[in-house]
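# Breakdown of the fold
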Amino acid sequence: MKFDTFLNTAQESLRFSIAFQEYFHEPSLTGLQRDTYETYLKSRKRSVLIQIIKDCDHQALNRFLENGWMDTRLLSESFSLAADCSDAQLLALLFTYQQQQGLSCKREDIYGDFD
């Protein structure tokens with residue numbers, strides 16, 4: 001039912017909400033549904049990352065990172081967003097990913113105005 005709504009609605013916010021919830025939180029998705037949601041969300045990586053951080057959704061962030069959707073630009077932005085939501089675990093996940101991938105960000109992207 002949700003998949004049909006996703007396919008047929010003209011409301012972008014509803015499409016995004018369905019794809020996000022189903023892809024990141026429904027383990028029993030079929031291959032076609034999973035692939036459709038993934039293609040849709042991958043083309044909206046920045047919006048997905050903002051939603052993950054807004055929700056302080058550690059499970060979704062782990063999957064986002066495992067999928068290889070993070071890039072240096074998004075990583076820089078995600079540090080300041082995660083700092084704004086004051087979730088130490090999100091920041092720890094991002095720092096760990098940064099170190100594992102050998103990515104770098106400008107100091108001000110990570111620490112903002114906390115100096």
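Scope of this entry: the structure provided in the associated data block. Throughout this document, residue positions are counted from 1 along each chain, in the order its sequence is written. Reporting in this predicted model follows two pLDDT cut-offs: at least 70 for local features of residues, and 80 or more for side-chain atom pairs to be given and counted; totals over whole chains, interfaces and linings ignore these cut-offs and use all residues. The side-chain quantities take in all heavy atoms of the structure and omit both hydrogens and water.

## Focus: the overall build of the protein
Secondary structure elements follow DSSP: runs of H or I of four or more residues count as helices, runs of E of two or more count as strands, with numbering from the N terminus. Across its full length, the protein carries 8 helices and 0 strands. When the helices and strands of the protein are placed in sequence order, the string is α-α-α-α-α-α-α-α. Whether a residue is buried, partly exposed or exposed follows from its accessible area with a 1.4 Å probe, protein chains only, as a fraction of its type maximum: under 20%, in between, or over 50%, in that order. Buried positions account for 37% of the 115 residues belonging to the protein. A sequence separation of at least 24 residues applies to 61% of the contacts in the protein between residues at least 6 apart. Residue-level accessible areas treat just the shown protein chains as cover; the underlying method is Shrake-Rupley with a 1.4 Å probe. Here the protein has roughly 6800 Å² of accessible surface; of this, 48% comes from carbon and sulfur atoms. Only heavy atoms enter the contact rule, under which two residues are in contact if any of them lie within 4.5 Å.

## Remarks on the nonpolar core
As used here, the term nonpolar core means buried Ala, Val, Leu, Ile, Met, Phe, Trp, Tyr and Cys residues forming a set that is joined through side-chain atoms within 4.5 Å. Formed by 30 residues in total, the largest nonpolar core has its most connected members in Phe24, Leu41, Phe64 and Met70. Listed by contribution, the elements that provide at least two residues to this core are helix H1 (2-8), helix H2 (12-25), helix H3 (31-42), helix H4 (45-54), helix H5 (58-66), helix H6 (72-85) and helix H7 (88-101).

## Structural notes on unusual backbone geometry
Its identity is not glycine, yet Cys56 carries a phi of approximately 50°, on the positive side. On the secondary structure map, Cys56 appears in the loop between H4 and H5. Even without glycine at this site, Ser86 takes up a positive phi of about 55°. On the secondary structure map, Ser86 appears in the loop between H6 and H7.

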